[in-house]
Amino acid sequence: METKAEATIEKGADGFSITKIHLTTEGKVPGIEKDEFLKIAEEAKENCPVSKALKQGVAISLDASLL
């Protein structure tokens, strides 16, 4: 498994803030189908403690691929 995160930081009236995060995840998982991998990756994104903390006002997107 390898995951990369790209954050967009913008300057507003109150200073700089993270406005978007894009995650890219790739993995080799024996015995798993693509649809199940994508479902698990999406659930992980939604339930991650960091995602929950940042979710207020920050758009978080995900690209996941099973290799």
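Above this note sits the structure.
These lines cover the structure that appears in this document, whether it is placed above or below.

Rules behind the numbers
- Residues numbered from 1 in each chain as written.
- Predicted model: local features only at pLDDT ≥ 70, side-chain atom pairs only at ≥ 80, totals over all residues.
- Heavy atoms only, no water.
- Pairing = 2+ DSSP bridges.
- Helix = DSSP H or I, 4+ residues; strand = E, 2+ residues; numbered from the N terminus.
- Axes fitted to C-alpha atoms, helices over the stretch in contact; angles between N-to-C directions.
- Contact = heavy atoms within 4.5 Å.
- Core = buried A, V, L, I, M, F, W, Y, C linked by side-chain atoms within 4.5 Å.
- Buried < 20%, exposed > 50% of the residue type's maximum accessible area, 1.4 Å probe, protein only.
- Salt bridge = Lys/Arg side-chain N within 4 Å of Asp/Glu carboxyl O.

We now examine the sheet that holds strand S3 (residues 59-66). Strand order in the open sheet formed by three strands is S1-S2-S3, and the pairing between neighbours is mixed. The open sheet is flanked by strand S1 (2-12) and S3, the only strands paired with a single partner. Here the average twist between neighbouring strands, direction ignored, is 15°. Judged from the eight bridges that link them, strand S2 (residues 15-27) and S3 form a sheet pairing that is parallel. Residue pairing in the sheet places His22 in a bridge with Ser61 of S3. Together, S2 and S3 form the strand contacts of helix H1 (residues 34-47), whose direction differs from that of S3 by roughly 155°.

Pairing between S1 and S2: eleven bridges, direction antiparallel. Residue pairing for S2: Glu2 is matched across the bridge by Glu26. Counted along the chain from S1 to the antiparallel partner S2, the turn is two residues long.

We now examine the nonpolar core. Grouped together as the largest cluster of nonpolar side chains are nine residues: Ile21, Leu23, Ile32, Phe37, Ala41, Val58, Ile60, Leu62 and Ala64. Within the residue set of this core, elements represented by two or more residues are S2, H1 and S3. Sorting elements by how many residues they give to this core places S3 first, with three residues. Discounting chain neighbours no more than four positions away, the residues touching Phe37 are Met1, Thr25, Gly27, Val29, Ile32, Ala64, Ser65 and Leu66.

Tracing the backbone shows Ser61 in strand S3. Sequence spacing of Ser61 and Lys45 is 16 residues, and the spatial spacing of their C-alpha atoms is 8.5 Å. Setting aside chain neighbours within four positions, we find Ser61 in contact with Ile21, His22, Leu23 and Lys45.

This part is about the pattern of salt bridges. Two side chains bearing opposite charge may form a pair once their charged atoms approach each other closely. Counting across every chain of the model gives three salt bridges. A salt bridge links Lys4 to Glu2, with the shortest nitrogen-to-oxygen separation between them at 3.8 Å. Overall, Lys4 belongs to the exposed group, its relative accessible area being 52%. Among the salt bridges present, the one from Lys45 reaches Glu46, with a minimum N-O distance of 2.8 Å. Looking at Glu46, the relative accessible area reads 32%, which means it is partly exposed. Taken together, the shared-partner salt bridges in this structure form one network comprising Glu42, Lys45 and Glu46.

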